[in-house]
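Now for the letters of each chain:
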Amino acid sequence: MCIALPMRVEVIDGNMASVEHGGMSWWVRIDFLPDVRVGDYVLVHAGIAIERVRPECAEDTISTIRSLTDDIH
Amino acid sequence: MTYIDAFRDKRLGKELARLIELKATRPMTLMEVCGTHTMAIARHGIKGLLPPNIKIVSGPGCPVCVTPQSLIDSFIELGKQSGMILATFGDMMRVPGSWSSLELERASGLDVRVVYSPLDSVKIARENPEKKVVFFGIGFETTAPAVALAVLEARSMGLDNFFILSAHKLIPPALEFLASDSETNIEGFLCPGHVSTIIGSLAYSRITSDYGIPCVIAGFEPLDILQGILMLVSQVEEGRAEIETQYSRAVSQTGNLEALSCLNSVFQVTDAEWRGLGVIPQSGLEFKSEFSKFDASRLVPERSFESRRNVQCACGRILKGLLSPTDCPVFGSECTPARPLGPCMVSSEGACSAEYRYGRLRGGSGDVDILW
């Protein structure tokens, strides 16, 4: 039930943002992310953006996994 | 940009599984505590990829599963009052109470609306001023701030016909409860990613410091889960008990302070009953006194009945990781997703439902989305 999908912020209007995922757009509340910007990726749960997804951390995680698995070759 | 393909890389997944096999020198039991992890592990066939000495069990991470029957009974009783609209997440519709479910009651004429967001139920209240609207507040820390926001919204609109029946639960006290149970033998917790976006990684500090059990907060893609398991196995093998965050792209140490502030302005911590586990101290949320006008529990009529439970159902021991779904005497026979006896079978995120649907790797008949 705690599922939250990463969506891209397209438009911000007050405490609402239009977010896009898989070619579809929705309006969600951004009360919990006051500093969110257009272009950011946010996790959306129950119609509310609950956290920003940090792309640099995603890349770091993938790099770490690659370097870990390199060790077994 | 969402990195979904990168976190589903087959080759890297197999290699992470090989690393887990190389690292684990002895049998160990690890528990995941998130219905979304339960589903992802089953759907991606991750247990089939792990060495036989690594046992992954599903804890009480499905909020639908741990909602007590008595609260479902109360919610249905509220709906029977005149001029009442019930609003709920769809997950609750089929969950059996003592005698009925919301789905059956809606078929019999109760006005039950399925909503995607608690804010949708505020809209229903605004559009139906002659009715009372009660939202069933289920969910962990991921969901509770959204419910608190709905309450603040209703207050700012001046609504006096909007109510919440709070069944919210908190994850860290449940982990402490499991960690202190002498029957359980959990050597590591795979902690829930989205609960942790709200509460932050430091919320698990008592689990590592007081109970010496490693905690790893993991994301929900196959590589996230496999790396999280590898991090837990490494801690166990190296004798460490630390909080580590695999899901660093969404989880900080302190969580979402705006969401926590909203949550704490409306609710306060209280003892709560977990279906199958009993009362866990300081593990639930109740309204603060200044918001008591929104509390639907004060509308619940005096009980003229006793809630009851199915004695054959083994969900309680399954939620503690003491039994696997297939150990339950009624699993797959009297208890199926079409005719569930217990909560772990009725919710799609329940351990029994996931096992029934995706158990092909161990002889079941589900449709596993195997990536390997």
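Residues numbered from 1 in each chain as written. Chains lettered and ligands numbered in written order. Predicted model: local features only at pLDDT ≥ 70, side-chain atom pairs only at ≥ 80, totals over all residues.

A.B. asks: Tell me about the overall build of chain B, and please be specific about residues and values.
C.D. replies: Secondary structure assignment for chain B yields 14 helices and eleven strands. For 372 residues, the compact-globule estimate of 2.2 N^0.38 gives 21 Å, and chain B sits close to it at 21 Å. A principal-axis box enclosing the C-alpha atoms of chain B has dimensions of 65 × 45 × 40 Å. In chain B, which comprises 372 residues, the proportion classed as buried is 53%. Within chain B, contacts between residues separated by at least 24 positions form 76% of all contacts whose residues are at least 6 apart in sequence. (Helix = DSSP H or I, 4+ residues; strand = E, 2+ residues; numbered from the N terminus. Rg over C-alpha atoms; globule rule 2.2 N^0.38 Å. Buried ≥ 20, exposed ≤ 12 C-beta atoms within 10 Å, placed from the backbone. Contact = placed C-beta atoms within 7 Å.)

A.B. asks: Lay out the interface of chain B and chain A in plain terms, naming residues and giving numbers.
C.D. replies: In this assembly, 43 residues from chain B lie in contact with 29 residues from chain A. For the side of chain B that touches chain A, the secondary structure elements donating two or more residues are helix 1 (10-23), helix 2 (35-43), helix 5 (118-127), helix 6 (144-156), helix 8 (193-199), helix 10 (222-238) and helix 11 (257-266) of chain B. Top contributing element to the side of chain B that touches chain A by residue count: helix 1 of chain B, with five residues. Looking at the side of chain B that touches chain A, its residues break down into 25 nonpolar, twelve polar and six charged. (Nonpolar A, V, L, I, M, F, W, Y, C, P; charged D, E, K, R; others polar.)

A.B. asks: Tell me about helix 14 (residues 351-358) of chain B, residues and numbers included.
C.D. replies: Residue and element names in this part refer to chain B. Judged by how many residues are buried, helix 14 sits mostly within the fold: seven of eight residues are covered. Taken together, the buried positions of helix 14 are occupied by Ala351, Cys352, Ser353, Ala354, Glu355, Tyr356 and Tyr358. Taken together, the buried residues of helix 14 touch helix 2, strand 2 (54-58), helix 12 (315-319) and helix 13 (343-346).

A.B. asks: Lay out the sheet that holds strand 7 (residues 188-192) of chain B in plain terms, naming residues and giving numbers.
C.D. replies: Residue and element names in this part refer to chain B. Judged by pairing direction, the sheet is parallel, and its five strands sit side by side in the order 2-1-7-8-9 without closing on themselves. Looking at the sheet topology across the chains shown, the edges are occupied by strand 2 and strand 9 (243-245). Averaged over neighbouring strand pairs, the angle between their axes works out to 25° when direction is ignored. Bridge analysis of strand 7 against strand 8 (residues 215-218) gives four bridges, and the strand direction is parallel. Bridging across to strand 8, Phe189 finds its partner in Cys215. (Pairing = 2+ DSSP bridges. Axes fitted to C-alpha atoms, helices over the stretch in contact; angles between N-to-C directions.)

A.B. asks: Any details on the domain arrangement of chain B? Residues and values, ideally.
C.D. replies: All names here are of chain B. Under the domain assignment used here, chain B contains domain 1 (6-63 + 171-245) and domain 2 (69-169 + 257-299). Placing a centre on the C-alpha atoms of domain 1 and another on those of domain 2 gives a separation of 31 Å. Domain 1 puts ten residues into the contact, and the matching count from domain 2 is 15 residues. Of all elements in the fold, only helix 7 (171-179) and helix 8 reach the threshold of two or more residues within the side of domain 1 that touches domain 2. For the side of domain 1 that touches domain 2, a count of residues per class yields nine nonpolar, one polar and no charged. (Domains from an automatic or database assignment.)

A.B. asks: Before we move on, could you go through the pairing of strand 7 of chain B and cite the residues and values that matter?
C.D. replies: Residues and elements named next belong to chain B. Among the five residues in strand 7, five count as buried, and that is most of the element. Relative to strand 7, strand 1 (residues 28-32) runs parallel, the two being bridged by three bridges. Bridging from a neighbouring strand, Leu30 pairs with Gly188 of strand 7.

A.B. asks: Before we move on, could you go through the pairing of strand 5 (residues 132-137) of chain B and cite the residues and values that matter?
C.D. replies: Residues and elements named next belong to chain B. In terms of residue burial, strand 5 counts as a mostly covered element, since five of its six residues are buried. Examined bridge by bridge, strand 3 (residues 84-88) and strand 5 share four bridges and lie parallel to one another. Note on strand 5: the bridge partner recorded for Leu86 is Val134. Judged from the five bridges that link them, strand 5 and strand 6 (residues 162-166) form a sheet pairing that is parallel. The partner of Phe135 across the bridge, within strand 6, is Ile164. Regarding the hand of the β-α-β motif, the stretch spanning strand 5, helix 6 and strand 6 is right-handed. (Right-handed = clockwise from strand over helix to strand, strands pointing away.)

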